[in-house]
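# Close look at the chain arrangement
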Number of protein chains: 2
Amino acid sequence: MNQIICTVDLVLLTLKEGALQVALLKRDKEPFKDVLALPGGFIHAEEDADARGAALRVLKEKAHITAPYLEQLATFSGPARDPRGWSLSIVYYALVSIDIVEQVGHSGRDQIRLVDVDKLMQLPFDHQAIIGMAVDRLRNKSQYSSLPCYLAGENFTLPQLQRVYEALMGGELNKVSFRRKMSEMGMLEEVDGRFGLAGAHRPAQLYRLRPEHREHLSLLERGL
Amino acid sequence: MNQIICTVDLVLLTLKEGALQVALLKRDKEPFKDVLALPGGFIHAEEDADARGAALRVLKEKAHITAPYLEQLATFSGPARDPRGWSLSIVYYALVSIDIVEQVGHSGRDQIRLVDVDKLMQLPFDHQAIIGMAVDRLRNKSQYSSLPCYLAGENFTLPQLQRVYEALMGGELNKVSFRRKMSEMGMLEEVDGRFGLAGAHRPAQLYRLRPEHREHLSLLERGL
C-alpha cells in the first residue's frame with residue numbers, strides 16, 4: 001500500500017566552551033556513505049515499541065548514549081529529502097552535558113564529531129533544516145523551562161547554571177531574578193556537603209536536578 | 001523492509017457557545033466502521049508532497065474544509081494503536097471558526113459531529129490521547145500567541161476576541177492589558193467602516209487578521 005521509508009533521526013545538542021554544538025556521525029552506508037550527518041536509522045517494527053523506542057535504540061547503537069532527556073521535535077517528510085524515495089523521519093532532540101559526550105568519545109568506535117550549530121557545513125538530507133528547528137525550539141524553550149539544566153552536567157553551581165542559560169538565550173540575566181525563577185520551578189536540590197567554585201574562587205553550593213524532575217520539564221508561568 | 005502503516009490524523013477544533021469542541025466523523029471502513037473518530041487517512045506517497053499535504057488532502061476530502069491554519073502536533077506510533085499492525089500517525093491540528101464548520105455541515109455528505117473536548121466518549125485508536133495533547137497545546141499556546149484568532153471568525157470586535165481568549169484560557173482577562181498585548185503582536189487591522197455590537201449594544205469596531213499574519217503565528221515575548 002505505502003512504500004514509505006520510515007526513519008528516526010536524533011539531534012544531540014551539547015554546550016562546549018559556551019557554544020551550542022550538535023553531534024554528527026560519519027554515515028556507514030549509502031546514500032552519503034562517509035559523510036557527516038545526524039545519527040539516525042530505520043524504525044524496526046519487529047523490535048521498537050514506538051518511534052521513541054527506535055530513537056533510544058539508535059542513540060545507544062550509534063552514539064553509545066543511553067537514556068538522555070529526549071523530546072520529539074517534529075516529523076519531516078516528502079519525496080525529495082532522501083534519494084531512496086518518499087520518506088519520513090520522526091526527529092527527536094536530546095540534550096546531554098559535554099562530560100557525557102566526551103566520555104563516549106573516548107570509548108566509542110563511532111567517532112562523534114561536535115560542530116558549532118552556527119557554523120554548520122552542508123549536510124545530507126534535510127539535516128540542516130532539522131538542526132535549525134531543534135536549535136530554535138531549545139532557545140525558545142530555555143526562556144520558560146528547566147530544559148537547559150540537562151546541559152549543565154550532574155552537579156552544578158548556580159553561577160554555572162546561569163551561564164548555561166545565558167549561553168542558550170544569548171544575553172546576560174539578572175542574578176537575583178534568575179535565582180528566584182529557578183526556585184519557583186522547584187526542580188533543584190542541594191548536593192549535601194558538596195561545593196564548587198564560584199567567581200573569585202569562593203566556594204559555592206552544588207545543586208542537581210531532583211530525581212522526580214529528571215524526566216519531565218518544569219515550566220515557568222512567565223519566562224526569564 | 002518496514003511494514004509500517006503511515007497515516008495522518010486531524011484534530012479540528014472550534015469554539016461553540018464558549019466551549020471548545022472537536023470535529024469527529026463516522027469511519028467509513030474497518031476497523032471501527034461507523035464509529036466516530038478523528039478525520040484521518042493513509043499517506044499517499046504517489047500524490048502527497050509531504051505529510052502536511054496529506055493532512056490538507058484528507059481534510060478536504062473528508063471534512064470539506066480547505067486551507068485552515070494547520071500545525072503539526074506530534075507523531076504517535078507503535079504496534080498497539082491500530083489493530084492492523086505497527087502504525088504511525090502524523091497528527092496536525094487546525095483551528096476553524098464555527099461559521100466554517102457549520103457551512104460545511106450544511107453542504108457535506110459526511111456529517112461532522114462536534115463534541116465538547118471535556119465530554120469525550122471512548123474513541124478508537126489513541127484518538128483520546130491525541131485530542132488531549134492538542135487541547136493542551138492550544139491552551140498553552142493561547143497564552144502567548146495569536147493562535148486563538150483563528151477561532152474568532154473572519155471579522156470580530158475586540159470584546160469578542162477577548163471572550164475567545166478567555167474561553168480557551170479558562171479565566172477572565174483584564175481588558176486594558178488584553179488590548180495592549182493584542183496591539184503588541186500587531187496582527188490585527190480595522191475593517192474599514194464596519195462595526196459590530198459590544199456590550200449594551202454600543203457599536204464596536206470590527207477587526208480582522210492582517211493578510212501577512214494569516215499563515216504565521218504572532219508571538220508575545222511575555223504571555224497574557
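Residues numbered from 1 in each chain as written. Chains lettered and ligands numbered in written order. Predicted model: local features only at pLDDT ≥ 70, side-chain atom pairs only at ≥ 80, totals over all residues. Heavy atoms only, no water.

With that settled, the discussion passes to the pairing of strand β1 (residues 5-16) of chain B. All names here are of chain B. Taking burial as the measure, the 12 residues of β1 include 11 buried ones, the bulk of the element. Pairing analysis gives nine bridges linking β1 to strand β6 (residues 87-95), with the strands arranged parallel. Across the sheet, Leu12 pairs through a bridge with Ala94, a residue of β6. Of the strand pairs in this sheet, β1 and strand β2 (residues 19-26) are connected by four bridges, and their pairing is antiparallel. Among the inter-strand pairings, Leu13 is bridged to a residue of β2, identified as Val22. Hairpin connection of β1 to β2: two residues between the antiparallel strands, including Glu17 at a positive phi of 50 degrees. (Buried < 20%, exposed > 50% of the residue type's maximum accessible area, 1.4 Å probe, protein only. Helix = DSSP H or I, 4+ residues; strand = E, 2+ residues; numbered from the N terminus. Pairing = 2+ DSSP bridges.)

This part is about unusual backbone geometry. Residue and element names in this part refer to chain A. Omega for the bond connecting Glu30 with Pro31 falls within 30 degrees of zero, at -10 degrees, which places this linkage in the cis form. The topology assignment puts Pro31 in the loop between β2 (19-26) and β3 (36-37). A positive phi angle, close to 50 degrees, is found at Glu17, a residue other than glycine. Here Glu17 is to be found in the loop between β1 (5-16) and β2. A positive phi angle, near 70 degrees, is found at Asp34, a position not held by glycine. Tracing the backbone shows Asp34 in the loop between β2 and β3.

So, on to the relation of the copies chain A and chain B. Both copies of the chain are related by one operation, a rotation about an axis with a shift along it. For the pair chain A and chain B, the relating rotation is 180 degrees, the translation along its axis is 0.0 Å, and the fit reaches an RMSD of 0.0 Å. The symmetry that links the two subunits is that of a two-fold axis. In this assembly the copies share their binding face: 96% of the residues contributing to the interface of chain A also contribute to that of chain B. (Least-squares fit on C-alpha atoms with pLDDT ≥ 70 in both. Contact = heavy atoms within 4.5 Å.)

This part covers helix α4 (residues 158-169) of chain B. Residue and element names in this part refer to chain B. Over its 12 residues, α4 extends 16 Å from the first C-alpha to the last, a length consistent with the 16 Å expected when each residue adds 1.5 Å. Here α4 has its buried residues at Leu158, Leu161, Gln162, Val164, Tyr165, Glu166 and Leu168. Those residues of α4 that are buried lie in contact with β1, β2, α3 (127-142), α5 (175-185), β8 (188-197) and β9 (203-209). Downstream of α4 by a residue or two, Gly170 has a phi angle that is positive, lying close to 70 degrees. (Expected span 1.5 Å × (residues − 1).)

With 26 residues of chain A at the interface, the matching set in chain B holds 25 residues. Buried surface at the junction of chain A and chain B, both sides included, amounts to about 2,100 Å², of which 56% is carbon and sulfur. Between the two partners, chain A and chain B, sit zero salt bridges. Connecting chain A to chain B are nine residue pairs in polar contact (both at pLDDT 80 or more). Taken together, the elements giving at least two residues each to the side of chain A that touches chain B come down to β5 (69-78) and β6 (87-95) of chain A. The element that contributes the greatest number of residues to the side of chain A that touches chain B is β5(A), accounting for five residues. (Buried area = accessible area lost by both parts, 1.4 Å probe. Salt bridge = Lys/Arg side-chain N within 4 Å of Asp/Glu carboxyl O. Polar contact = N/O pair within 3.5 Å; in protein donor to acceptor, adjacent residues only side chain to side chain.)

On to the nonpolar core, then. For soluble globular proteins, the rule of thumb is that nonpolar side chains tend to be buried together. With 50 residues, the main nonpolar core has A:Ile43, A:Leu88, B:Ile43 and B:Leu88 as its most contacted residues. Counting residues in each nonpolar core, the second largest holds 45 residues, with B:Cys149, B:Phe178, B:Met185 and B:Met187 among its members. (Core = buried A, V, L, I, M, F, W, Y, C linked by side-chain atoms within 4.5 Å.)

For the rest of this paragraph, the subject is the layout of surface pockets. Estimates place the volume of the largest pocket at around 1,900 Å³. Lining the largest pocket are 47 residues, with A:Leu73, A:Arg137, B:Gln72, B:Leu73 and B:Arg137 sitting closest to its centre. Elements represented by at least two residues in the lining of the largest pocket include exactly β5 and α3 (127-142) of chain A together with α1 (51-63), β5 (69-78) and α3 of chain B. The residue inventory of the lining of the largest pocket, partitioned by class, reads 24 nonpolar, 10 polar and 13 charged. (1 Å grid on protein atoms, 1.4 Å probe; cavity = no way out; pocket = protein on both sides within 12 Å on 5 of 7 lines; lining within 4 Å. Points joined across faces, edges and corners; volume = space filled by probe spheres on them. Nonpolar A, V, L, I, M, F, W, Y, C, P; charged D, E, K, R; others polar.)

Okay, the domain arrangement of chain A next. All names here are of chain A. Entries for chain A in the domain assignment read domain 1 (5-141) and domain 2 (144-213). One C-alpha centre belongs to domain 1, the other to domain 2, and the line joining them spans 27 Å. At the interface, 15 residues of domain 1 touch 10 residues of domain 2. Both sides of the domain 1 and domain 2 interface together cover about 1,200 Å² of buried area, and 71% of this is carbon and sulfur. Area buried by domain 1 at its contact with domain 2 is led by Leu15, Leu95 and Lys141, which between them contribute 45% of it. When contributions to the side of domain 1 that touches domain 2 are tallied by element, the ones reaching two or more residues are β1, β6 and α3. With four residues, the single largest contributor to the side of domain 1 that touches domain 2 is α3. Its residues assigned to classes, the side of domain 1 that touches domain 2 comprises eight nonpolar, four polar and three charged. (Domains from an automatic or database assignment.)

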